[in-house]
Amino acid sequence: MARIEFDRIRKTWGDVVAVDALTLTIDDGEFVSLLGPSGCGKSTTLLMLAGIYAPTEGNLRFDGQVVNDVEARDRNVGIVFQSYALYPHMSVRENILFPLRFKKVAESEARRRVEEVAKLVHVDELMGRRPGQLSGGQQQRVALARALVKEPQLLLLDEPLSNLDATLRMTMRAEIKALQAKLGVTTILVTHDQIEATTMADRIVCMRAGRIEQVGTPDDLYLRPTSLFVAGFIGAPPINLLPGEAADGKLVINGFALTCEGSVAGDVTLGIRPESVYFADAGIRATVDQIEPMGRETLYRVNCPLGSITVLEGGSTFHRRIGDVAMLRFDLGDTLVFDRRTERLVKGAGAQLSD
Amino acid sequence: MEVTFGALRDQIQKPWDRLAARARWMRRAKLAAMYGFLIAVSAPVLLPYFWMVTVAFSSKTGTVDTLILWRAMAILLPFVFGCWIWSTIGTTARQMFFGFAAITAVAVAAFVILVLPDLHLGNFIFIGERNFGDIVRETRTGSKKGEVSGGIDFPSVWLAFANSLYLAGGQTIIVAVIASLAGYYLSRFEFAGRAAMLRSLLVLHAFPVLTLIVPLFLIMNFVGLLDQLLGVMLVLVGFELPFAIFIMKGFFDAVPWEIEMSALTDGASRRQTFVRVVLPQVTNGLIAISVFSFIRGWEEYIFVFTFLIDNVNWTMSLYMFFVRDDILGIDFGLVSAVGVFYLAPSLVLYLVAQKYLAQMTIGGVKG
């Protein structure tokens, strides 16, 4: 197990900056997710941890010791790729055994550990098969077993669930999370899927264009995003972002004026989660444009003076039809105001309907 | 506006059974045409081999008798024609099987009655007899033993066989080792001149090798490799390498990076990763370039003819050439027999490696 420290890490490929000014500490036994769109530098970061890439600048520390120049094979890091990267010419048993071949482990001891870890991830029935004869979920488990058999001080998961179907993904999510908690191994999950990140990780590092945008618990990122990017990236269906202009305690969006709290001025964007907008007896007049029943809840796209916004209503039945007119409200505490120039959250600011 | 989707669809109600019958007929016609075409284009390639084999086993020294050859043809052609017709008539797997079985049975019976009794191994005299040239001349002229001589001094055919094996095998090993290392490097590493090198690999292959024969002769002479099998081997390696490297690069390109990264984090060194994880993924490519290199070495004629002089260095192609030079006017059966002997190993190799060679297009030649 290890405590990982990134100290102003920078990685460039010629003129292209993949990762910049990355400073972050991951505690021993923590489950952290690197979340961001493709090309944000999260995979580069992962490969730097694995020792495939060396940072251009800055220091990477495992338990306080700089490991920049330590080779991949000496780091004892377990990694599970999106493609699983099993060795196709070896059986499942040989695949799991492979990492132990390079360690000073007696053959009988190695066999025992392979059996043990195979049981742990439920692939002990498949030991004689080749990866090509396994389903995606089984391959994933074998890859996990192979990463865990060497008892790594750090487990890296690179989009491990992307190639699985929806049901299996849910099962594996829960299993990996439980396994991580049980083994207590420091784990870093790289993903572009916010659901994966929020459901599995203790902490999420949201990245954008090689830099950290925000670090926090899933709650922090969802309820208290510090930037426009994080607010837009986290949450499905996505947050309503309404550009407007603020002055003298008024926030004007599309010519419609809201009452504004906090020190807000100039070009701002108002953010409201779909579930924070609700139908009421009085409020903004809106017309229903589209209805998407999602089972537990219903998503309405409505047209109102603020623009086209989405409203999420709980309950499995829906009472409105396309073309219906309804009144909308939202509360001051549920709104977020972002400065459009800096793309940062304006702390303590909010907006509500003028009475 | 009302959308009238379906109005057009309802107008074109089809007589399904007639359409189905037409489709079935078309399928058969296409199949027949395709097989017919394949047979037609392969005939000029395969027939000479068929003749060579038949002549090698049937012709007798001193006679110019082509009766057996024509009989064999009279069996082969109806057999092929019958198979072709039946392949378009038969529909079920059962019909196919019994049809082909019947046609084959008739052909085999005809072969046993008309051809088999006249086959013999007399033309393969060269296998155990170095002095076969004089012997066939004696048989031909009816002279007594020891009276006729003056032909070419042949080495044992097994020496030529071993030389060919050494030349082709040695060349293959060198090409396989260098091409897999170079192909891997070209596939995985970025270095100055990489793109230029890739392009030049293909250009190199475009030059006719014969143009280099004089300078190569001089070089061989200077470095003392003239009249040595090793010299020819190195020349062949030089000409085979560009293509082999290019093919291997394509195969390495198809191996995902993640597998290598996995192996590295699993504790393997770069060399261990290459040998234990990457190489096993490209065995098909390795087999393909090995077979091509081997056959290229086995059939090599121009360079061995130019650079090898002493008859202890003769390869099978030179042996074949001199047998033709010496005996063809006397005994074309024997020349054919040498041909069969020369052909057999590469034929076996091709048959064994067939499925790997076919994958070369998949493993892919991509930039």
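Cut-offs used in this document
- Residues numbered from 1 in each chain as written.
- Chains lettered and ligands numbered in written order.
- Predicted model: local features only at pLDDT ≥ 70, side-chain atom pairs only at ≥ 80, totals over all residues.
- Helix = DSSP H or I, 4+ residues; strand = E, 2+ residues; numbered from the N terminus.
- Buried ≥ 20, exposed ≤ 12 C-beta atoms within 10 Å, placed from the backbone.
- Contact = placed C-beta atoms within 7 Å.
- Axes fitted to C-alpha atoms, helices over the stretch in contact; angles between N-to-C directions.
- Parallel < 35°, antiparallel > 145°, perpendicular 65-115°, else oblique.
- Left-handed = near helix turned anticlockwise from the far one by under 90°.
- Nonpolar A, V, L, I, M, F, W, Y, C, P; charged D, E, K, R; others polar.
- pLDDT = per-residue confidence, 0-100.
- Expected span 1.5 Å × (residues − 1).
- Arc of directions from axis to C-beta.
- Pairing = 2+ DSSP bridges.
- Core = buried A, V, L, I, M, F, W, Y, C linked by C-beta atoms within 7 Å.
- Domains from an automatic or database assignment.
- Right-handed = clockwise from strand over helix to strand, strands pointing away.

(A) Spotlight on the overall build of chain A. In terms of helices and strands, chain A carries eight helices and 21 strands. Seen through its principal axes, chain A has C-alpha atoms that stretch 75 × 45 × 35 Å. Residues classed as buried in chain A amount to 42% of the 355 residues present. When contacts within chain A are restricted to residue pairs at least 6 apart in sequence, long-range pairs at least 24 apart make up 64% of them.

(B) Main features of the packing of helix α2 (residues 16-58) of chain B against helix α3 (residues 67-89) of chain B. Residues and elements named next belong to chain B. Running from N to C, α2 and α3 point in directions that differ by 160°, and their axes come no closer than 10 Å. Taken together, the axes of α2 and α3 are roughly antiparallel relative to one another. In the packing of α2 onto α3, the handedness of the crossing is right-handed. Along the contact surface, α2 presents R28, L31, A32, Y35, G36, I39, F50, W51, T54, V55 and S58, while α3 presents I68, L69, A72, L76, V80, W84, S87 and T88. Taken together, the residues that form the contact of α2 with α3 break down as 13 nonpolar, five polar and one charged.

(C) Inspection of the confidence of the model for chain B at higher detail. Residue and element names in this part refer to chain B. Of all residues in chain B, 92% have pLDDT values of 70 or greater, and the mean over the chain is 87. Taken element by element, chain B is modelled with least confidence in helix α16 (residues 360-363), mean pLDDT 52, and with most confidence in helix α6 (residues 157-188), mean pLDDT 95. Here the predicted complex scores 0.81 on pTM and 0.85 on ipTM.

(D) Structural detail: helix α5 (residues 166-183) of chain A. Residue and element names in this part refer to chain A. Taking 1.5 Å of rise per residue, 18 residues should cover 26 Å, and α5 covers 26 Å from first to last C-alpha, within 8% of that figure. Three or more residues of α5 are buried, namely R169, M172, I176 and Q180. Buried residues of α5, viewed axially, fall in a sector of 65°; they line one side. Across α5 from its buried face, at more than 90 degrees, point the exposed residues T167, T171, A174, A178 and K182. The elements touched by buried residues of α5 are β3 (31-35), α4 (136-148), β8 (186-191) and α6 (194-200). Once α5 finishes, G184 follows within two positions and takes phi at roughly 70°, a positive value.

(E) Expanded view of the sheet that holds strand β2 (residues 16-26) of chain A. Residue and element names in this part refer to chain A. With respect to topology, four strands assemble into an open sheet ordered β2-β1-β4-β5, the strand pairing being antiparallel. Sheet topology places β2 and β5 (65-66) at the edges, where each strand pairs with a single neighbour. Looking at chain direction, strand β1 (residues 4-13) and strand β4 (residues 57-62) are connected through five bridges and run antiparallel. From the neighbouring strand, F6 faces β4, where its bridge partner is L60. Against the sheet, helix α1 (residues 42-50) makes contact with β1, β2 and β4, and its axis sits at roughly 65° relative to β2, the strand it touches most.

(F) Just the nonpolar core, in detail. Grouped together as the largest cluster of nonpolar side chains are 161 residues, with contacts concentrated most on A145 and L156 of chain A together with V232 of chain B. Broken down by element, this core gets its largest block of residues, 15 residues, from helix α9 (residues 229-253) of chain B. Those residues within four positions of A145 of chain A in sequence are excluded, and the remaining contacts are I96, V117, A118, V121 and V123 of chain A.

(G) Molecular detail of the interface of chain B and chain A. Contact with chain B, which involves 14 residues of that partner, is made by 17 residues of chain A. Residues belonging to the side of chain B that touches chain A are distributed by class as follows: seven nonpolar, five polar and two charged.

(H) Examining the domain arrangement of chain B more closely. Domain boundaries assigned for chain B yield domain 1 (13-120) and domain 2 (157-363). Using only C-alpha atoms to locate each centre, domain 1 of chain B and domain 2 of chain B end up separated by 35 Å.

(I) Inspection of the pairing of β8 of chain A at higher detail. All names here are of chain A. β8 sits mainly inside the fold: six of its six residues count as buried. Residue alternation in β8 divides its side chains into two sets, T186, I188 and V190 and T187, L189 and T191, and both sets are buried. In terms of strand pairing, β3 meets β8 through five bridges, oriented parallel. The residue bridging S33 from the neighbouring strand is L189, located in β8. Strand direction decides the pairing type here: strand β7 (residues 154-158) and β8, joined by five bridges, are parallel. Following the sheet pairing, L157 is matched in β8 by L189. As for the winding sense of the linkage, the β-α-β connection from β7 through α5 to β8 is right-handed.

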